[in-house]
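Structure assessment
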Amino acid sequence: MNIDKFKHQHEDILADIAALRQLVHGGIEANAERIAARIIAMSGNIKLHLAVEDKVLYPTLRSSGDAALARMSNLYQLEMNGIVAAYMAFATTWNAASHLLAAPERFRAEANTVLRKVYERMKKEDHEFYPAVEALEAERLAA
């Protein structure tokens, strides 16, 4: 399995988070329409990434024959459920400029909390999970 497409999706989501952060720094009121549009776009990227993980990555790892990687896969998928639920609630609440304009400081606080969790999770995958998958692939290619 080529893990590069998953890494690329992470890069796209991280770029979305960075762009959203820039818009917020420029002023929620001044950028409410663009912030809402960025949240909608980011939600699409996140949903696509999760769908590919759920339909391809996790099942492949469970059937890989590597018990440690199968356990890690199960744990990562379970952990992600809570993060996804929090993100989707955030995105549903803040995907309209009118919502942002009505409560900009609440948006800022929720964005900091939820997007930090998404960011930290992706970094954890990049530094722990994906290298473990790549090590298994390298081991199999060498055999």
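Definitions and cut-offs
In this numbering scheme, every chain counts its residues from 1 along its sequence in written order. Under the rules for a predicted model, residues below a pLDDT of 70 receive no local features and side-chain atom pairs below 80 are neither given nor counted, while totals for whole chains, interfaces and linings still include all residues. Hydrogens are left out, water is left out, and the side-chain values use all remaining heavy atoms of the structure. Runs of H or I in DSSP of at least four residues are treated as helices and runs of E of at least two as strands, each being numbered from the N terminus. Each residue is assigned to one of three classes by its accessible area relative to the maximum for its type, calculated with a 1.4 Å probe on protein chains only: buried under 20%, partly exposed between the two thresholds, exposed over 50%. Note on definitions: a residue-residue contact is assigned when non-hydrogen atoms from the two residues lie within 4.5 Å. Each accessible area is a Shrake-Rupley result for a 1.4 Å probe, and residues are judged covered by the shown protein chains and nothing else. His is not counted, nor are the chain ends, whereas Lys and Arg count as positive and Asp and Glu as negative. In this description, the location of a charge corresponds to atom NZ of lysine, CZ of arginine, CG of aspartate or CD of glutamate. To estimate the expected span of a helix, count its residues, drop one, and scale the result by 1.5 Å. For this analysis, a polar contact is any N or O atom pair within 3.5 Å, provided that within protein one partner can donate a hydrogen and the other can accept it, and provided that sequence-adjacent residues contribute only side-chain to side-chain pairs.

What follows deals with the overall build of the protein. When its secondary structure is counted, the protein shows five helices and zero strands. From first element to last, N terminus to C terminus, the protein shows the α and β order α-α-α-α-α. Seen through its principal axes, the protein has C-alpha atoms that stretch 60 × 20 × 20 Å. Residue burial in the protein is summarised as follows: out of 143 residues, 40% are buried. The long-range fraction of contacts in the protein, counting pairs at least 24 apart against all pairs at least 6 apart in sequence, stands at 76%. Roughly 7700 Å² of accessible area belongs to the protein as shown, and the carbon and sulfur atoms make up 57% of that amount. Considering the protein, the positive charge centre built from 17 side chains and the negative charge centre built from 19 side chains are found 3 Å apart.

Here Asn-31 lies in helix H2 (residues 28-62). Residue Asn-31 is classed as buried on the basis of its relative accessible area, which comes to 8%.

All right, on to helix H1 (residues 4-25) then. Taking 1.5 Å as the rise per residue, H1 with 22 residues should run 32 Å; its terminal C-alpha atoms sit 31 Å apart, in good agreement. Within H1 the residues assigned to the buried category are Phe-6, Gln-9, His-10, Ile-13, Leu-14, Asp-16, Ile-17, Ala-19, Leu-20, Leu-23 and Val-24. Positioned one or two residues after H1, Gly-27 has a phi angle of 115°, which is positive.

Time to look at the side chain of Ser-43. Mapped onto the elements of the fold, Ser-43 is located in helix H2. For Ser-43, a relative accessible area of 7% gives the class buried. There is a polar contact of 2.8 Å between the side chain of Ser-43 and the backbone oxygen of Ile-39. Aside from chain neighbours lying at most four places away, what touches Ser-43 is Tyr-87 and Ala-91.

Following the sequence through the fold, Ala-89 ends up in helix H3 (residues 67-93). Counting along the chain gives 54 residues from Ala-89 to Ile-35, while the straight-line C-alpha distance between them is 16 Å.

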